[in-house]
Amino acid sequence: MTGLADLGAAELADLLASGQVSSVEAVQACLDRIEAADAAVGAFLHVDADRALAAARAVDARRAAGADLPPLAGVPVAVKDAFAMTGAPTTCGSRLLEHWRPPYDSSVVRRLQEAGLVIVGKTNMDEFAMGSSTENSAFGPTRNPWDLGRIPGGSGGGSAAALAAYEAPLAIGSDTGGSIRQPAAVTGTVGVKPTYGGVSRYGLVAMASSLDQPGPCARSVLDAALLHAVIGGYDPKDSTSIDAPVPDVVAAARSGDVAGLRIGVVAELGGEGYAPGVEQRFHEAVALLEAAGAKVSEVSCPHFDLALAAYYLIMPSEASSNLARFDAMRYGLRVGDDGSRSAEQVMRLSRARGFGDEVKRRVILGTYALSSGYFDAYYGSAQKVRTLIGQDFTAAFERVDVLVSPTCPTTAWPFGERLADPLSMYKADLCTIPSNLAGGPAASFPAGLAPEDGLPVGFHVMAPPLAEDRLYLVGTALERALEPSGAPLAARLVGKELTL
Ligand code: GLN
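Quick caveat: nothing in here was measured; it's all calculated off a predicted structure.

A word on the overall build of the protein
(1) Moving on: The number of helices and strands found in the protein is 16 helices and eleven strands.
(2) Moving on: Its C-alpha atoms give the protein a radius of gyration of 21 Å, near enough to 23 Å, the size a compact globule of 500 residues would have.
(3) Moving on: Seen along its three principal axes, the alpha-carbon backbone of the protein occupies a region of about 65 × 55 × 45 Å.
(4) Moving on: A buried classification covers 60% of the 500 residues belonging to the protein.
(5) Moving on: The long-range fraction of contacts in the protein, counting pairs at least 24 apart against all pairs at least 6 apart in sequence, stands at 77%.
(6) Moving on: For the protein, the exposed surface amounts to about 18000 Å²; the carbon and sulfur share of it is 53%.
(7) Moving on: Once the 41 positive and 56 negative side-chain charges of the protein are each reduced to a mean point, those two points are 5 Å apart.

Spelled out as structure tokens, the structure:
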């Protein structure tokens, strides 16, 4: 018999609504699974069982009293440790924030709580969301449930691994260059980056403010849509929040009708450097969508080749400025404050100790790119490329409704393989970065396992701003075509013992 931890959010929500299952039982099942699997997986940095069970009891009591509860009330969810949440640490994967307890809740956390979802814990991530493997977390890596010797992607590897290991049915991520989608791809789960401004950034520790975007993670397309509907929408606390209705993503996920939908395969995102199994599964997925009625053509986006280079100037520039707030005076770690040193010396010592290598690398890169002698040559040029990439999208979306590519050129790689060579790590985001630079929504959906290594492959879909519904149409169509039973790809991991 399947346990409660094996159920998706939609199924669980139905059982909760009909009173067949209590939220306490559902949350306890996830806590038990975390207890059994997380020593091996390492998806969580912080789990508060008592608090989660108390929240679950409160939902059960409201239901028992006849309250009309939101659709996901009582369902467990995991939250990336980049989101401020009162009563718990928010480390962002960094020693610098190891003991920081935020005095306020991020809007995403508040919306989850208001909708009655039960937060079971905070998930591991690359330090300050910098990385594609979770190896940059100051608290140790997360392991990929498909192969514990491999990376779960990054920066949101904790959220993705928690889903694949059936430790939670839903999770929250944040995506600056691919940190929701690439981990989804390499763990066989679903990850959606909404339109920039579609989900509030208020209380999300800032990496690169013009690129950062919170979003939903789940094992199935419908579950991601249900979570998206909870967290999406206008928030006056975020000055870049879009004051427009969220598209009906749940209806789109339930429909999955792609008849007549024009799909453009991006010519520039494939070929050399892409693993054969990734390309094979990608093209099979395109053929399945075509068989479901979509119209497929090839589309050229000539400036996408420059996206990675532009991103690695814009992102470190913004990050170096955002990270200046970690000055040892206001937040987190303070080193050497014994009365003998100046404030500046204390700042220097604290940042030297508190930040890891990748964060330092990017602070140096960003500071350099923004310095007066180089600003036009680097940051200025990168912003021009960003405009050209936006124009590529605009031109493409005159011809097609969505663009598609693999999510990541390869499947999950072994630990350590790319750590010594940051450029090889950066290449994991080749396909995901254009959407961050242009601001449109994009998602990764499971496309099966690569024949050569049996590891998950992600199918990447990009849409125009505020056309998230198209992502979910494609996701559901693909999900149904690949698995008529409706079981998510990660269901193949059910029952697997995750021990080291
Ligand atoms: N892997 C990318 C990076 O290291 C993306 C990070 C992100 O989306 N937060 O910058």
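That covers the picture; the talk isn't over yet.
Focus on the pairing of strand β9 (residues 402-406)
(1) Moving on: Taken across its five residues, β9 has five buried, putting it largely inside the fold.
(2) Moving on: Here three bridges tie strand β7 (residues 262-266) to β9, and the two strands are oriented parallel to one another. Residue pairing for β9: G264 is matched across the bridge by L403.
(3) Moving on: As paired elements, β9 and strand β11 (residues 456-462) share four bridges and run antiparallel to each other. Bridge pairing in β11 places V404 opposite V461.

Let's talk about the packing of aromatic side chains
(1) Moving on: In this structure the tally under the stated criterion is 14 aromatic pairs.
(2) Moving on: Arranged with centres 5.2 Å apart and planes meeting at 45°, the rings of F375 and Y379 form a pair that is tilted.
(3) Moving on: When its relative accessible area of 16% is taken as the criterion, Y379 is described as buried.
(4) Moving on: Three or more aromatic residues link up through ring pairs in this structure, and these residues are W100, F128, F326, Y331 and F355.
(5) Moving on: Over the ring of Y166 we find R219; its NZ or CZ atom is 3.7 Å from the centre of that ring.
(6) Moving on: Across from the ring centre of W413, 3.7 Å away, lies the NZ or CZ of R418, which sits over that ring.

Some remarks on the site of the ligand
(1) Moving on: Neighbouring the ligand are 15 residues, the closest being T176, G177, S179, Y311 and D429.
(2) Moving on: In this structure, an oxygen atom belonging to the ligand sits 2.6 Å away from a main-chain N or O atom of G177.
(3) Moving on: In this structure, a nitrogen atom belonging to the ligand sits 2.7 Å away from a side-chain N or O atom of D429.
(4) Moving on: When the ligand sits alone it has 290 Å² of accessible area, and the protein chains cover 100% of it.

Details of the nonpolar core
(1) Moving on: Counting residues in hydrophobic clusters, the biggest one holds 122 residues, and the most contacted among them are L112, L117, F128, L403 and F459.
(2) Moving on: Looking at this core, the element that brings in the most residues is helix α10 (residues 307-322), giving nine residues.
(3) Moving on: Membership of the second largest hydrophobic core comes to 24 residues, among which are F44, L53, L148 and C217.

So, helix α13 (residues 376-399)
(1) Moving on: Between the first and last C-alpha of α13 there are 34 Å, a value that for 24 residues agrees with the 34 Å anticipated at 1.5 Å per step.
(2) Moving on: Along α13, the positions that sit buried rather than exposed are Y379, G380, A382, V385, R386, I389, D392, F393, A396 and F397.
(3) Moving on: In this structure, the buried side of α13 is in contact with β8 (295-299), α10, α12 (357-370), β9, α15 (433-438) and β11.

Some points on the sheet that holds β8
(1) Moving on: With mixed pairing, the eleven strands of this open sheet are ordered in space as β1-β3-β2-β4-β6-β5-β10-β11-β9-β7-β8. Single-partner strands in this sheet number two, and they are β1 (44-47) and β8. Across the sheet, the mean angle from the axis of one strand to that of its neighbour is 30°, orientation sign disregarded.
(2) Moving on: Note that strand β2 (residues 76-80) and strand β4 (residues 170-174) share two bridges and pair parallel. Looking across to β4, one finds that V79 is bridged to I172.

Calculation criteria
- Residues numbered from 1 in each chain as written.
- Predicted model: local features only at pLDDT ≥ 70, side-chain atom pairs only at ≥ 80, totals over all residues.
- Heavy atoms only, no water.
- Helix = DSSP H or I, 4+ residues; strand = E, 2+ residues; numbered from the N terminus.
- Rg over C-alpha atoms; globule rule 2.2 N^0.38 Å.
- Buried < 20%, exposed > 50% of the residue type's maximum accessible area, 1.4 Å probe, protein only.
- Contact = heavy atoms within 4.5 Å.
- Areas by Shrake-Rupley, 256 points an atom, 1.4 Å probe, with all protein chains shown as cover.
- Lys, Arg positive; Asp, Glu negative; His and termini not counted.
- Charge placed at Lys NZ, Arg CZ, Asp CG, Glu CD.
- Pairing = 2+ DSSP bridges.
- Phe/Tyr/Trp six-rings, centres within 6.5 Å; stacked < 30°, edge-to-face > 60°.
- Lys NZ or Arg CZ within 6 Å of the ring centre and 35° of its normal.
- Near = heavy atom within 4 Å.
- Polar contact = N/O pair within 3.5 Å; in protein donor to acceptor, adjacent residues only side chain to side chain.
- Core = buried A, V, L, I, M, F, W, Y, C linked by side-chain atoms within 4.5 Å.
- Expected span 1.5 Å × (residues − 1).
- Axes fitted to C-alpha atoms, helices over the stretch in contact; angles between N-to-C directions.

Everything listed here is a matter of geometry and, on its own, says nothing about what the molecule does.
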